[in-house]
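Coordinates in review
Read off the chains here:
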Amino acid sequence: MEIARDLSRSRSDLYEIAVWWDGVHVVDGKRLYYFQAVHQESDVVPENIDAVRALMEIQKDGRKSMEKTDRSLGIGIPK
């Protein structure tokens, strides 16, 4: 949540899943281990919005729905 606050996100929501560079490790050249931070409440918000649009047949193009959701929530838009 601190990262989201630093980004001036509404309600301190972090919609993306954060993975720290120094928390990524490959073991034996086969296994990938990493630390991630998932803000449980906001991780499912975008997907639920798109699911409702699909169920209500408001937007049949999934990509367009995701773009609209991301734009309205400020996801992936540099501040």
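These numbers come from a predicted model, not from an experiment.

What counts, and at which threshold
Numbering of residues starts from 1 in each chain and follows the order in which that chain's sequence is written. A pLDDT threshold of at least 70 governs which residues receive local features in this predicted model, and a stricter bar of 80 or more applies before side-chain atom pairs are shown or counted, although totals over entire chains, interfaces and linings include all residues. Working from all heavy atoms in the structure, the side-chain values ignore hydrogens and water. Criterion for a salt bridge: a side-chain nitrogen of Lys or Arg within 4 Å of a carboxyl oxygen of Asp or Glu. A run of DSSP states H or I qualifies as a helix once it reaches four residues; a run of E qualifies as a strand once it reaches two. Both are numbered from the N-terminal end. Throughout this description, buried means an accessible area under 20% of the type-specific maximum (1.4 Å probe, protein chains only), exposed means over 50%, and partly exposed covers the range between. To count toward a patch, a residue needs a relative accessible area over 30% and no salt bridge; like charges are then connected within 9 Å, while nonpolar side chains (Val, Leu, Ile, Met, Phe, Trp, Tyr) are connected within 5 Å. To measure how exposed things are, a 1.4 Å probe is used in the Shrake-Rupley method; for residues, cover is taken only from the protein chains shown. Taken from the helix axis, the directions to the C-beta atoms give the arc we talk about. A pair of strands is treated as paired once DSSP finds two or more bridges between them. In protein, a polar contact means a hydrogen-donor-capable atom and an acceptor-capable atom, both N or O and within 3.5 Å, with residues adjacent in sequence counting only if both atoms are side-chain atoms; elsewhere, any N or O pair within 3.5 Å suffices. Here, two residues are considered to be in contact whenever any of their heavy atoms come within 4.5 Å of each other.

Attention now goes to the pattern of salt bridges. The tally for this structure, following the rule as stated, stands at one salt bridge. Across the salt bridge formed by D50 and R53, the nearest N and O atoms sit 3.2 Å from each other. Of this pair, D50 and R53 both sit in helix α3 (residues 45–55), three residues apart, roughly one helical turn. A relative accessible area of 13% places R53 in the buried class.

So, about a nonpolar patch on the surface. A cluster of nonpolar residues, I17, V19, V24, V26, L32 and Y34, forms a patch on the protein surface that exposes about 550 Å² of accessible area. Of all the elements in the fold, those that place two or more residues in the nonpolar patch are β1 (18–27) and β2 (31–37). With three residues, β1 is the single largest residue contributor to the nonpolar patch. Note on placement: V24 falls in strand β1.

Buried within α3 we find P46, D50 and R53. Around the axis of α3, the buried residues are gathered within 55° of arc, so they sit on the same side. Two residues or fewer past α3, E57 is found with a positive phi of approximately 55°.

Successive side chains on a regular strand alternate, one facing one side of the sheet and the next facing the other. In terms of strand pairing, β1 meets β2 through six bridges, oriented antiparallel. Its bridge partner lying in β2, V27 is registered against R31.

The next subject is the side chain of R53. Within the structure, the side chain of R53 is placed 3.2 Å from the side chain of D50, a separation counted as a polar contact. Those residues in contact with R53, other than ones at most four positions away along the chain, are I58, Q59, S65, K68 and T69.

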